[in-house]
Amino acid sequence: MPLITYRQAINDALAEELTRDENVIIMGEEVAQFNGAYKVTEGLLEKFGPKRIIDTPISEAGFIGIGIGASLLGVRPVMELMFWSFAYVAFDQMINNAANVRYMSGGLMHCPIVIRGPANGGTAVGATHSHTPENFIANTPGLKVVCPATAYDAKGLMKAAIRDNDPVYVMENTILYNEKWEVPETDYVVPLGKADIKREGKDVSIIAHGRAVITSLKAAEILKAEHGIDAEVVDLRSIRPLDEETILASVRKTHRVVLVEENKPFCGVDAQIAFMIQDKAFDDLDAPIRRVSSLDAPQVYSMPLEKLQIPDAHRVIAAVKTIC
């Protein structure tokens, strides 16, 4: 299989779905002539034309609303947010309208929209450009949330999201855009709501999503080499729907859990997972559940300080050692 970047994998997914279904369009700020703020949509305007790759004004509330309205009429829009931090000005459309239209229409109307873009800190762009709002979105019934950690998953989840009849919000990480993984050239999808065991192990389950998976894999290699601890790494891939079965199976195998996320700890995704584990697998635990998350403060601008704020392999290793 060829090695391609995370960025190229998303671009390939978009191109394949635009070719497969004439109802798929892409909208967002600078997605067409500028090829996207992070060049994820590079080359798509030339291939598919301005009626399907559409530049929008700098107004998330406006163009997200247009996309939701179009999706109710049979279009399958893929909306790019330059940062997920900018989603907050469109929360009424994204959270109140898109999430509830199928329920409130008695299943007569669907909202097959994808909203994608960077949701991460770690790039020294300040507190207002560094949010990881997967916990906000996942709190809302009717919405689906995915956070791919590899190029393979980024492509497969994007294709699955575009084909889904519900709103799917895809949260990417800019630090991963240039990283390369093996990706098959064949048409494939990664099902929404299915976690993946990225590394088999027997001593502790490290459960993560997004770039925290890469951090966890690095920690697992060090734990094995330097401490003799065999860690299993579970990649959630999908936050909602959540693959409880795979999580619980790993917990019942290793009997110890460390949860890792780049989200803030208060009301974070891992808080929900920790409750689910103690509720459904308490008797399988041989030690308390540990969490490793970003420090509970607005994202700092200083790069050296921000590196301390976001979980790294050393913090994961320290948490594992307290329960092993």
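Quantities reported herein were computed from a predicted structural model and do not represent experimental measurements. (Residues numbered from 1 in each chain as written. Predicted model: local features only at pLDDT ≥ 70, side-chain atom pairs only at ≥ 80, totals over all residues. Heavy atoms only, no water.)

1. So, the environment of Val 146
Mapped onto the elements, Val 146 comes out in strand β6 (residues 144-146). According to the relative accessible area criterion, Val 146 is buried, its value standing at 0%. A C-alpha to C-alpha distance of 5.6 Å links Val 146 and Ile 239, two positions 93 residues apart in sequence. Discounting residues that sit within four places of it in the chain, Val 146 has contacts with Leu 157, Val 168, Tyr 169, Val 170, Met 171, Leu 192, Arg 237, Ser 238 and Ile 239. (Helix = DSSP H or I, 4+ residues; strand = E, 2+ residues; numbered from the N terminus. Buried < 20%, exposed > 50% of the residue type's maximum accessible area, 1.4 Å probe, protein only. Contact = heavy atoms within 4.5 Å.)

2. Focus on the domain arrangement of the protein chain
Here the domain parsing of the protein chain yields domain 1 (3-182) and domain 2 (196-321). On the domain 2 side, the residues contacting the 29 residues of domain 1 number 24 residues. Both sides together, the interface formed by domain 1 and domain 2 hides about 2000 Å², and carbon and sulfur atoms give 56% of it. Contact with domain 2 buries surface across domain 1, with Ala 124, Asn 135 and Cys 147 losing the most and accounting together for 22% of the total. Counting across the domain 1 and domain 2 interface gives two salt bridges. (Domains from an automatic or database assignment. Buried area = accessible area lost by both parts, 1.4 Å probe. Salt bridge = Lys/Arg side-chain N within 4 Å of Asp/Glu carboxyl O.)

3. What about the nonpolar core?
Counting residues in hydrophobic clusters, the biggest one holds 43 residues, and the most contacted among them are Ile 64, Trp 84, Met 94, Ile 115 and Ile 277. Contributing elements (two or more residues each) for this core: β2 (24-28), α3 (60-71), α4 (91-97), α6 (134-138), β7 (168-172), α9 (244-254), β13 (257-260) and α10 (269-281). Two domains each put at least three residues into this core: domain 1 (3-182) and domain 2 (196-321). Excluding residues that lie within four positions of it along the chain, Ile 64 makes contacts with Met 79, Leu 81, Ala 90, Gln 93, Met 94, Ile 113 and Ile 115. (Core = buried A, V, L, I, M, F, W, Y, C linked by side-chain atoms within 4.5 Å.)

4. Re the packing of helix α1 (residues 6-20) against helix α7 (residues 151-163)
Running from amino to carboxyl end, α1 crosses α7 at an angle of 30 degrees, the nearest separation of the two axes being 8 Å. One element, α1, and the other, α7, form an angle in the roughly parallel class. In this structure, the crossing between α1 and α7 has a hand that is right-handed. Counting all contacts with α1, which are made through Tyr 6, Ala 9, Ile 10, Asp 12, Ala 13, Leu 14, Glu 16, Glu 17 and Arg 20, the residues of α7 involved are Ala 151, Ala 154, Lys 155, Met 158, Lys 159, Ile 162 and Arg 163. By residue class, the composition of the contact of α1 with α7 is nine nonpolar, no polar and seven charged. (Axes fitted to C-alpha atoms, helices over the stretch in contact; angles between N-to-C directions. Parallel < 35°, antiparallel > 145°, perpendicular 65-115°, else oblique. Left-handed = near helix turned anticlockwise from the far one by under 90°. Nonpolar A, V, L, I, M, F, W, Y, C, P; charged D, E, K, R; others polar.)

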